[in-house]
Amino acid sequence: MHPLTRALRTRNTSSAQFARELRTLAEQRGEHVNPQKGDAYRWQGRGKGQPRRPEDLTQYLIGEWLGFDREAVDPPTWPHWLESDPLQQPPDHPWTPNGTLAALTESWEENFMERRTFGILTGTTLTASLWKWLTADPAAAGQITSARRIGEAAVAHVETRVRDLWHADDLGGGGRLLDESAASLRLATDLLRNRDYSDAHGARLYAAVADLARQRAAAVFDVHNVCPDALFESALRAARIAGDDALGANILGFWAVAAYNTDRPQDAETMTTVALSSLRGRTTPRVEAMLTTRRARARAHLRDQGCWADLDRAEHLLADAGDHQDPDWAYWFGAPDIPAARASSHRDMGQPDLAAQQFAQTANLYDPAYVRDRALYLSRQADAEYDAGHVEAACSTASQALDLTETITSRRTTAPLLDLANRLRNSSAPEARDFHERAHSTLTA
C-alpha cells in the first residue's frame, strides 16, 4: 500500500476530502497550490497514468497537514518520508516490565484494525527498536506484585495454551487464532500485572506472552494481509524481559514474513540479519536454518541473488539439525520448508517454470495436517504454472488448493486464488471457466 494511502486511511479521509483540505491550507498560508482529487489519486499511484511526485511546496503542505515537523519532510525521497507518519507510530514505551505490559495491554484493548495496533516501524524507527531489543537489560524481568502468588500449575497451564494454539494455526490458519490468541494474551498479561510469582515463573510467563503476541500478530497478517508492527514489537519486548534471545529472533522471523509480503522487503532483510547476528553461535542449526531461509525470502523479494547462497546454507544447517535440542516452537520447520522457499524465490525472481517444477516436487513433502501451508504453496504453484503458460495445470493445481480452503481461514491463501480466477476469466479453456466460477462461488460467498 502506498504510504500516502495508508496515511489517509488512518485518518478516515478520502482523496477528495484530502485535496479540499490541502487547498484550504494553501489558502491560509498564501501559497499558490490548487491540488484536485485527481492529483491526490496520482500521488498515491492510483488512477490513470504513472504515479506523480508532488512538487516540493505541495509536499511541505502535505507534511503540515499530516502533522510532520517541517524538517521531517524530505521532498527528493517521496514517498518514503511518509513512512514516519506520526499517527502510525506505536507509543514509545520503555523496554522494562511496566513498559512491556503497557504495550501488550494496548495490543488486546484496541480493536485490531485501530491505528496503534498497526503502527508502522520502518527505516530509522525500526533500527532503533531492534537496537533496544539487542541492548535491553534482561535483569529488568523483576516481579510485579500486587495480588496473591501463582505457581507452577498456572504457569504450565498458560504454556499448554500456547502450544495448543500453535497446532490450531497449523490446521486452520489465522482465522482461528484471532480471538483465541487475544483472549489468552489478555489472561497472561493480567497474571503478570496482578499476581505475585517467582522470578523463574515470571520469566516463563513473559516468554508465553511473547509467543501469544507473536501468534496474534501472525494471525492478523494471515487474515488481513497487513503487517501489525506494534503487535510484533510488543512480542519482542516480552521476549527480552524473559531473557530469551532465541524466542526474540523467532519473533523477528515471523515479523519479516509479514513485512516482505506487504511490500517491505528491505525491513524484512534488516530484521532477519539482526536476528541471525544476535544468535550466531548460540542457537541450534534448525533455528539458524529457519532464520536464514526467512532472510533468503526477503532477499528474493529484493531481487538479490544472495538469496540462493542463504538457501544453500539453510540446507546445510538443517542437515545437521538432528542431534540438537531445539526450542519447542521450532517444531514446524523441517524438510519441506527450504524447497518451498526456493520455489517461492524462483517465482519472485521471475522464473515461473523453475518455480512450478520446484513447487510440484515439494507438494508431497508436507504433513497433511499442515492444511494452511499445503493450500498456500499449491496456490503459489498454480500461479507459477499460469505465468509459465500452463493454463490447464494451473487450473488443476488451483482446484486442489481451493478444496483445502474450505477448512481454513487465511486471506494470504485465498486472495491469490481469487486473483488467479480473475486472470482466467477470459481464457477459452473450459477448465479455466470452471475454476473461475467455482472460485468466485466459494471465496466470495
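A. Geometry of the pattern of salt bridges. Evaluated as defined, the whole model comprises 31 salt bridges. Aspartate 56 is paired through a salt bridge with arginine 53; the nearest N and O atoms lie 3.1 Å apart. Note on aspartate 56: relative accessible area 38%, which makes it partly exposed. Taking the shortest distance from any N to any O, the salt bridge between arginine 237 and glutamate 233 comes out at 3.9 Å. Of this pair, arginine 237 and glutamate 233 both sit in helix α10 (residues 229–242), separated by four residues, roughly a single helical turn.

B. Seen up close, helix α13 (residues 285–301). An ideal rise of 1.5 Å per residue puts 24 Å on 17 residues; α13 measures up with 24 Å between its terminal C-alpha atoms. Among the 17 residues in α13, 16 count as buried, and that is most of the element. Immediately downstream of α13, the backbone of arginine 303 shows phi near 60 degrees, a positive value.

C. Structural view of helix α19 (residues 411–423). With 13 residues, α19 should reach 18 Å at 1.5 Å per residue; the first-to-last C-alpha distance of 18 Å fits that figure. Looking only at α19, the buried set comprises Arg412, Thr413, Leu417, Leu420 and Ala421. On its buried face, α19 is in contact with α9 (199–224), α11 (245–260), α17 (371–387), α18 (391–405) and α20 (430–443).

D. Region of the structure containing the nonpolar core. Counting residues in hydrophobic clusters, the biggest one holds 89 residues, and the most contacted among them are Leu205, Ile251, Leu291 and Trp329. With 14 residues, the single largest contributor to this core is α9. Counting residues in each nonpolar core, the second largest holds 19 residues, with Ala26, Trp65, Val73 and Leu82 among its members.

E. Layout of the packing of α9 against α10. Contact geometry for α9 and α10: axes closest at 8 Å, N-to-C directions at 165 degrees. Between α9 and α10, the angle is such that the two are roughly antiparallel. In this structure, α9 crosses over α10, and the sense of that crossing is left-handed. Residues Ala203, Tyr206, Ala207, Val209, Ala210, Ala213, Arg214, Arg216, Ala217, Ala218 and Val220 of α9 form the contact with α10, whose participating residues are Leu231, Phe232, Ala235, Ala238, Ala239, Ile241 and Ala242. Here the residues of the contact of α9 with α10 are counted per class, giving 16 nonpolar, no polar and two charged.

F. Examining unusual backbone geometry more closely. Look at the link from tryptophan 78 to proline 79: it is a cis peptide, with omega at 0 degrees. Within the secondary structure layout, proline 79 lies in the loop between α4 (56–66) and α5 (97–109). Backbone geometry places asparagine 225, a non-glycine residue, at a positive phi of 55 degrees. Counting through the fold element by element, asparagine 225 comes out in the loop between α9 and α10. Note on asparagine 225: relative accessible area 32%, which makes it partly exposed.

G. Structural detail: the side chain of arginine 380. With respect to the element layout, arginine 380 can be found in helix α17. Buried and without a salt bridge, arginine 380 has aspartate 348 as its closest oppositely charged side chain, separated by 6.5 Å. Looking at arginine 380, its side chain comes within polar contact range of the side chain of serine 344, at 2.8 Å. When neighbours within four sequence positions are excluded, arginine 380 is seen to be in contact with Asn261, Arg297, Ser344, Arg347, Phe359 and Arg412.

H. Main features of the environment of valine 158. The residue valine 158 is located in helix α7 (residues 152–172) in this model. Sequence separation of valine 158 and leucine 185 is 27 residues, and the distance between their C-alpha atoms is 9.4 Å. Beyond its immediate sequence surroundings of up to four residues, valine 158 is in contact with Ala188, Leu191, Leu205 and Ala208.

What counts, and where the lines are drawn
- Residues numbered from 1 in each chain as written.
- Predicted model: local features only at pLDDT ≥ 70, side-chain atom pairs only at ≥ 80, totals over all residues.
- Heavy atoms only, no water.
- Salt bridge = Lys/Arg side-chain N within 4 Å of Asp/Glu carboxyl O.
- Buried < 20%, exposed > 50% of the residue type's maximum accessible area, 1.4 Å probe, protein only.
- Helix = DSSP H or I, 4+ residues; strand = E, 2+ residues; numbered from the N terminus.
- Expected span 1.5 Å × (residues − 1).
- Contact = heavy atoms within 4.5 Å.
- Core = buried A, V, L, I, M, F, W, Y, C linked by side-chain atoms within 4.5 Å.
- Axes fitted to C-alpha atoms, helices over the stretch in contact; angles between N-to-C directions.
- Parallel < 35°, antiparallel > 145°, perpendicular 65-115°, else oblique.
- Left-handed = near helix turned anticlockwise from the far one by under 90°.
- Nonpolar A, V, L, I, M, F, W, Y, C, P; charged D, E, K, R; others polar.
- Lys, Arg positive; Asp, Glu negative; His and termini not counted.
- Polar contact = N/O pair within 3.5 Å; in protein donor to acceptor, adjacent residues only side chain to side chain.

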